Amino acid sequence: MESAIHVLALFPGQGSLSPGAGRAWRNDDAWHLVEEASALSGVDVAHLLLSAEDDELVRTDNAQIATFVLSLMSYQSFCRTRSTPESFVGHSLGEYSALTAAGMLSFADGVRLVAARGAAMLKASQLQPGAMAALMGGHGDISKVTARGDVWLANVNGFDQLVVAGTEDGIDYLEENVNSLGWKRCRRLKVGGAFHSPLMAPASADLSEALRHVEFRTTPHRVFSNVDGDLHPDTAEWPQLCLRQLTEPVQFERCVTNATAEANVAVEFEPTGVLRGLVRRISPNLDVTEFPGGSL
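All figures in this text were calculated on a predicted structure; none of them were measured in a lab.

Caption draft 1: Here's a closer look at the sheet that holds strand β9 (residues 287-291). Here we have five strands laid out as an open sheet, ordered β7-β2-β1-β8-β9, and parallel in their pairing. The open sheet has two free edges, formed respectively by β7 (222-223) and β9, since each of these has just one partner strand. Across two bridges, strand β2 (residues 87-90) lies against β7 in parallel orientation. When the bridges of β7 are listed, S87 appears paired with R222.

See below:
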């Protein structure tokens, strides 16, 4: 007897977006989400998805709203012809896409939160500039990297791939001394600040205010929190989880490990290309595909 299919939906963060990523969706029925998001946020989301170049898309406020809308268009298109996934995991910004896709946030509230979060994080990154880098091949030892006090663990993407955030000086030092610090490779990320680190603390007040004006709703679906990798069906917990996510590491490996205790298929939604590889390393036996592009 075949086992039932339990689908895990995966939503990427802002670093996955590339210029022109929305062009393939312009004639899709889900394009109305672009128009709705633009009206709600006051941002020209169509421009960001169709014609903006890298220098615009690296700005965190632009990248976040554009990525969020693209992910939700992809997800809405998927659900027109397929069953709704049971479990949801997002990476950083993708957590807001996951919460919205799972029905814990309305699309309008998701847009408002993402716009507020992006603006707050842009302001924080201007007050305290920083950078991020991916570390590979270090067997999970981060202690030497963070010993200076100006670099912090930001994403746990797997045992041998971590992301750190820090001051410009801290990340420069890391790039120059990566091997002596116990890692094989260091790759600076194209992002606009030191996200998921103490340098994002100034964003907390504005995001907290935005969270006061949205409603987290009960859903039958399973959403795993970046902060601890666990399920939080109690909607009252989510505002604090969203605030903690600003300055605490994204526990992506733990999210996937917990989600795949039941899920046997995973689908990465647009913009695709990053999470699929990470998830395959975390759960080698999981069937991982992309939408569009994969079959289920």
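Moving on, there is more to tell.
Caption draft 2: Geometry of the nonpolar core. Among the nonpolar cores identified, the biggest contains 69 residues, and L49, V69, M73, F88, L113 and F216 are the most heavily contacted of them. Sort the elements by how many residues they give to this core and helix α4 (residues 60-81) lands first, with nine residues. In this view, L49 contacts L17, G20, A21, G22, R23, V34, A66, V69, L70 and M73; residues no more than four positions away in its chain are not counted. V89, V250, A259 and A263 belong to the second-largest nonpolar core, a separate cluster that totals 17 residues.

Caption draft 3: Layout of unusual backbone geometry. The linkage connecting E270 with the following residue, P271, adopts the cis geometry, with an omega of -5°. Summarising the element assignment, P271 is placed in the loop between β8 (265-269) and α12 (275-282). The omega torsion across F291 and P292 is 0°, close enough to zero to call that bond cis. Within the secondary structure, P292 is located in the segment after β9.

Caption draft 4: Representation of the packing of helix α1 (residues 32-41) against helix α6 (residues 107-127). In contact at an axis separation of 9 Å, α1 and α6 are set at 55° when each is read in the N-to-C sense. Looking at the two axes, α1 sits oblique to α6. Crossing geometry of α1 relative to α6 is assigned as right-handed. Note on element contacts: α6 touches α1 through F107, A108, V111, R112 and A115, opposite L33, E36, A37, L40 and S41. The residue makeup of the contact of α1 with α6, split by class, is seven nonpolar, one polar and two charged.

Caption draft 5: Spotlight on α12. All buried positions along α12 are accounted for by L275, L278, V279 and I282. Viewed along the axis of α12, the buried residues span an arc of 95°, placing them on a single side of the element. Those residues of α12 that are buried lie in contact with β1 (7-11), β4 (151-158), β5 (161-166), α11 (252-259), β8 and β9.

Caption draft 6: Structural view of the packing of aromatic side chains. Evaluation of the coordinates by the stated rule reveals eight aromatic pairs. A ring pair is formed by F68 and F107, whose centres lie 5.9 Å apart and whose planes are at 20°; its orientation type is stacked. Of this pair, F68 sits in helix α4 while F107 sits in helix α6; the two residues are 39 residues apart in sequence, bridging distant segments of the chain. According to the relative accessible area criterion, F107 is buried, its value standing at 15%.

Caption draft 7: Representation of the side chain of E95 within the structure. For E95, the location among the structural elements is in helix α5 (residues 94-101). Here E95 occupies a buried position and makes no salt bridge, while the nearest side chain of opposite charge, R117, is found at 7.1 Å. Within the local environment of E95, its side chain forms a polar contact with the side chain of Q245, the two groups lying 3.3 Å apart.

Basis of the calculations
- Residues numbered from 1 in each chain as written.
- Predicted model: local features only at pLDDT ≥ 70, side-chain atom pairs only at ≥ 80, totals over all residues.
- Heavy atoms only, no water.
- Pairing = 2+ DSSP bridges.
- Helix = DSSP H or I, 4+ residues; strand = E, 2+ residues; numbered from the N terminus.
- Core = buried A, V, L, I, M, F, W, Y, C linked by side-chain atoms within 4.5 Å.
- Buried < 20%, exposed > 50% of the residue type's maximum accessible area, 1.4 Å probe, protein only.
- Contact = heavy atoms within 4.5 Å.
- Axes fitted to C-alpha atoms, helices over the stretch in contact; angles between N-to-C directions.
- Parallel < 35°, antiparallel > 145°, perpendicular 65-115°, else oblique.
- Left-handed = near helix turned anticlockwise from the far one by under 90°.
- Nonpolar A, V, L, I, M, F, W, Y, C, P; charged D, E, K, R; others polar.
- Arc of directions from axis to C-beta.
- Phe/Tyr/Trp six-rings, centres within 6.5 Å; stacked < 30°, edge-to-face > 60°.
- Lys, Arg positive; Asp, Glu negative; His and termini not counted.
- Salt bridge = Lys/Arg side-chain N within 4 Å of Asp/Glu carboxyl O.
- Polar contact = N/O pair within 3.5 Å; in protein donor to acceptor, adjacent residues only side chain to side chain.

On their own, these measurements won't tell you what the molecule is for.
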